[in-house]
Amino acid sequence: MLDIRLVRENPDLVRARLATRGNGAEAAVDEVLELDRQRRAKIQEVERLKSARNTISREIGVRKSRKEAADDLLTGMREKSDLIARLDAEVAAVDGQLEQILLRTPNLPHARCPAGASAADNPEVGRYGSPAAFEFKPLDHVALAERLGLADFAAAAKISGSGFLVFTGAGARLERALINFLLDLHTREHGFTEVNTPFVVRAAAMQGTGQLPKFHEDMYRVEGEDLFLVPTAEVPVTNLYREELLTVSDLPVYHAAYTPCFRREAGSAGRETRGMTRVHQFDKIELVKIVEPATSYDELEKLRRNAERALELLGLHYRTIELCAGDLGFGAAKCYDVEVWAPGTGAYLEVSSCSNCEDFQARRMNLRYKNAEQKNVFCHTLNGSGTALPRLFIALTETYQQADGNIKLPEVLRPYFGDTIIK
RNA sequence: GGACGGGUGGCAGAGCGGUUUAAUGUACCUGACUCGAAAUCAGGCGUUGGGGCAACUCAACCGUGGGUUCAAAUCCCACCCCGUCCGCCA
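In short, a report on the structure. Every chain's residues receive numbers from 1 upward, in the order its sequence appears when written. Chain letters and ligand numbers both follow the written order, the letters beginning at A and the numbers at 1. The predicted nature of this model means local features are confined to residues of pLDDT at least 70 and side-chain atom pairs, given and counted, to a pLDDT of 80 or more, with totals for whole chains, interfaces and linings taken over all residues. The basis for every side-chain value is the complete set of non-hydrogen atoms in the structure, without hydrogens or water.

### As for the pairing of strand S14 (residues 380-388)
When you tally the buried positions in S14, you get 9 out of 9 residues, the bulk of the element. For strand S8 (residues 281-291) and S14, the ladder comprises 7 bridges, and the chain directions are antiparallel. Counterpart to Lys289 in the pairing with S14 is Leu382. Relative accessibility under 20% of the residue-type maximum defines a buried residue, over 50% an exposed one, and the middle range a partly exposed one, all with a 1.4 Å probe and only protein chains included. Numbering of helices and strands starts at the N terminus; helices are DSSP runs of H or I of at least 4 residues and strands are runs of E of at least 2. Strand pairing requires that DSSP identify at least two bridges connecting the strands.

### Observations regarding helix H3 (residues 28-65)
Residues lying three or four places apart along an α-helix face the same way, a consequence of the helix completing one turn every 3.6 residues. Given a helix with a known number of residues, its expected span is that number minus one, times 1.5 Å. For H3, which comprises 38 residues, the first-to-last C-alpha distance of 53 Å matches the rise-based estimate of 56 Å (1.5 Å per residue) to within 8%. The contact criterion used throughout is that any non-hydrogen atoms of two residues lie within 4.5 Å. The inward-facing, buried residues of H3 abut helix H1 (4-9), helix H2 (11-19), helix H4 (71-74) and helix H5 (77-103). In the stretch just after H3, Lys67 is the one whose phi turns positive, near 60°.

### Observations concerning the sheet that holds strand S5 (residues 227-229)
Sheet architecture is open: 3 strands sit in the order S3-S5-S4, paired in antiparallel fashion. Only two strands of the sheet have a single neighbouring strand rather than two, namely strand S3 (200-201) and strand S4 (221-222). Both S3 and S5 contribute to a ladder of 2 bridges, which runs antiparallel. Following the sheet pairing, Val201 is matched in S5 by Phe228.

### Topic: the side chain of His190
Note that His190 resides in the loop between helix H8 (170-189) and strand S2 (193-195). When residues no more than four places from it in sequence are discounted, the contact partners of His190 are Leu185, Tyr254, Asn306 and Arg309.

### Quick look at the sheet that holds strand S12 (residues 368-370)
Here we have 3 strands laid out as an open sheet, ordered S6-S12-S13, and mixed in their pairing. Pairing within the sheet leaves two strands with one partner each, and these edge strands are strand S6 (245-247) and strand S13 (376-378). Each strand of the sheet is rotated relative to its neighbour by a mean of 35°, with strand direction disregarded. Inter-axis angles, ranging from 0 to 180 degrees, are taken between N-to-C directions of lines fitted to C-alpha atoms, where helices are fitted over the stretch in contact.

### Some points on the environment of Leu185
With respect to the helices and strands, the residue Leu185 is situated in helix H8. Classification of Leu185 by relative accessible area gives buried; the value is 4%. Separated by 143 residues in the primary sequence, Leu185 and Leu328 place their C-alpha atoms 28 Å from one another. Apart from residues no more than four positions distant in its own chain, Leu185 is found in contact with His190, Arg309, Ala310 and Leu313.

### Considering the nonpolar core
Core analysis: the biggest nonpolar cluster contains 54 residues, and Leu150, Leu174, Leu311, Leu316, Leu392, Leu413 and Ile422 have the highest contact counts within it. Element by element, the count of residues in this core is highest for H8, at 9 residues. Leaving out residues up to four positions away in the same chain, Leu413 has contacts with Leu174, Leu178, Phe181, Leu314, Leu396 and Gly418. Membership of the second largest hydrophobic core comes to 19 residues, among which are Val14, Leu35, Leu103 and Phe360. Here, nonpolar core means buried Ala, Val, Leu, Ile, Met, Phe, Trp, Tyr and Cys residues that are tied together by side-chain atoms lying within 4.5 Å of each other.

### As for empty space enclosed by the protein
Cavities and pockets were defined on a 1 Å grid built over protein atoms only: a cavity is a set of grid points that admits a 1.4 Å probe from which the probe cannot escape, a pocket is an open set flanked by protein on both sides within 12 Å along at least five of seven lines, and lining residues are those with an atom within 4 Å of any such point. Grid points are joined across faces, edges and corners, and a volume is the space filled by probe spheres set on the points. Considering all chains together, one arrives at 1 cavity of 30 Å³ or more under this definition. In this model, the largest cavity occupies a volume close to 40 Å³. Lining the largest cavity we find Leu2, Val7, Val14, Leu18, Ala28, Val29, Val32, Leu102 and Thr105. Among the elements that take part in the lining of the largest cavity, H3 stands out by supplying 3 residues, more than any other. Among the residues making up the lining of the largest cavity, the classes are represented as 8 nonpolar, 1 polar and no charged. In this count, Pro and Cys sit with the nonpolar residues alongside Ala, Val, Leu, Ile, Met, Phe, Trp and Tyr, while Asp, Glu, Lys and Arg are called charged and the others, Gly among them, polar.

Keep in mind that these numbers describe shape and distance, not what the molecule does.
Structure representation (structure tokens):
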């Protein structure tokens, strides 16, 4: 949620930054300014009345305590209170409208966020290794999974419909190994504290991290209950701190969490969704940081490096791109995507998305800390997938396929998988 | 699911219709004492919103939302959460 004061005091800046997203979000500025004017005018009116009422009520109290009559003061008070109630309702209505607009307005892209309209304009900012070379024509993960019995796409469709996965045998074991490998890496070597949260959360939590109201149609929900299936662990993990007041010594907070992620992704099908690349339920390790504003961009660079390192340890070729303003997510001010190379599929697949939301989420969640000057300040929140697992699975199996039809996994996975050969 | 008890400032905890501007403790900040610290003493210290160049001032906030009343932390209703007991259950 944007700072209403920033919009009020610096509307041109807000308009200009929102405009870089190229989706017309800046139109909200004028609506916000107008509602803000109305709101303040009504507040002044109703607060004058309340002040008068309070004065008289106090006097009534004083007289009653002295056993004196106060009938003359009581006349007209009923009407005064009714008027106040009516004006309060008007203020609440304007407040509600203002909140709805602010909740649907995206974050301001960072001043140095690259210009651009779409994914095609995202500059590459980092790269590791090079595409694996093969003496044979590499298979894609769907063919590999069928040949080695790693997954059963037909069975998944039968029990849950298209867009779901059933891992089988060595495939199921590899999925489990990757979860443990990533959690161990981030907790033992990168300083994150593991948390294991519920996979369903209330609407208030979804609103805190910005999934609601905007992405209501993209989420699964439990019928008859105020519960949504989490689309990312970012939601439950960040919301652990909703409505909290931290102290400077609590920061920075680093959390790593495993959850499955549930996304309806309604309407898409085709090459982009073949096999495991885009599914309704997938496993993910998420990294969340809550930090002081002064350090948040350094923390973002570290977060990106943590995500990249996982791929480096696995020996996978990747490139890192910075999202241009037109491709930036709703809550992000700056974002890096780490894309791993999948040789059989012949594409770079996004596995990590590391965002700095600055105080955008913290304002929604009323997440603050008491800084060194004893002031309560909104924290900055960062989140990054410390890797979406099916796509990592794709890259691993496609990269490490052998001429003999087997897969030879990197040694670093041996303690987790128990072996390195899948045949 | 049922019965009872409870939810008050960062934390603990009193208040249970009108001198509450929410007591007190603790934490925190400033100062004194000290070589320094601890202890002690003195002072300060909630959040949000409105107005004001400012000093300051006004309003709202006691789990959430309604209601009663001239007036609600306090009374009533609903819901959420926590505790204790009972029932059900893998």
